[in-house]
Amino acid sequence: MLKWSVILLVIALIAGIFGFFNVVPAAVGIAKVLFYIFLILFIVSLFMGRRGRSL
């Protein structure tokens, strides 16, 4: 999922350089949403991983 957000960010940057202004907001928006979903899932997996261990 992080890979897709980076790909969409690169698409947004390339589209911005070449002037495809209709593509830029859509790609940036999708990249932001995917990045936040990845971040939330990463934090949840950190807490769930600690819970499963017993000392």
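Residues numbered from 1 in each chain as written. Predicted model: local features only at pLDDT ≥ 70, side-chain atom pairs only at ≥ 80, totals over all residues. Heavy atoms only, no water.

Asker: Sorry, what's going on with the packing of aromatic side chains here?
Answerer: Centre distance and the angle of the planes are the two values used to describe a pair of aromatic rings. Throughout the structure, instances matching the rule amount to two aromatic pairs. Relative to Phe42, the ring of Phe38 has its centre 6.3 Å away and its plane inclined at 20 degrees; by these criteria the two rings are stacked. Taken as a pair, Phe38 and Phe42 lie in helix α2 (residues 23-52) at a separation of four residues, close to a single helical turn. The exposure class of Phe38 is partly exposed, given its relative accessible area of 28%. (Phe/Tyr/Trp six-rings, centres within 6.5 Å; stacked < 30°, edge-to-face > 60°. Helix = DSSP H or I, 4+ residues; strand = E, 2+ residues; numbered from the N terminus. Buried < 20%, exposed > 50% of the residue type's maximum accessible area, 1.4 Å probe, protein only.)

Asker: When you look at the environment of Ala31 in this model, what are you seeing that I'm missing?
Answerer: Examined against the element boundaries, Ala31 turns out to sit in helix α2. Sequence-wise, Ala31 and Ile11 are 20 residues apart; in three dimensions their C-alpha atoms are separated by 9.7 Å. With sequence-adjacent residues up to four places away left out, Ala31 is seen in contact with Ser5, Leu8 and Leu9. (Contact = heavy atoms within 4.5 Å.)

Asker: Looking at this structure, I do not really get helix α1 (residues 2-18). What am I missing?
Answerer: Because the α-helix completes a turn every 3.6 residues, residues three or four places apart line up on one side. A rise of 1.5 Å per residue sets the reference length of α1, with its 17 residues, at 24 Å; its end C-alpha atoms lie 25 Å apart and thus fit the reference within 8%. Among all positions in α1, only Ser5, Leu8, Ala12 and Ala15 are buried. Looking straight down α1, one finds its buried side chains confined to an arc of 90 degrees; they lie on one side. Away from the buried face of α1 by more than 90 degrees, exposed residues Lys3, Leu13, Ile17 and Phe18 are located. (Expected span 1.5 Å × (residues − 1). Arc of directions from axis to C-beta.)

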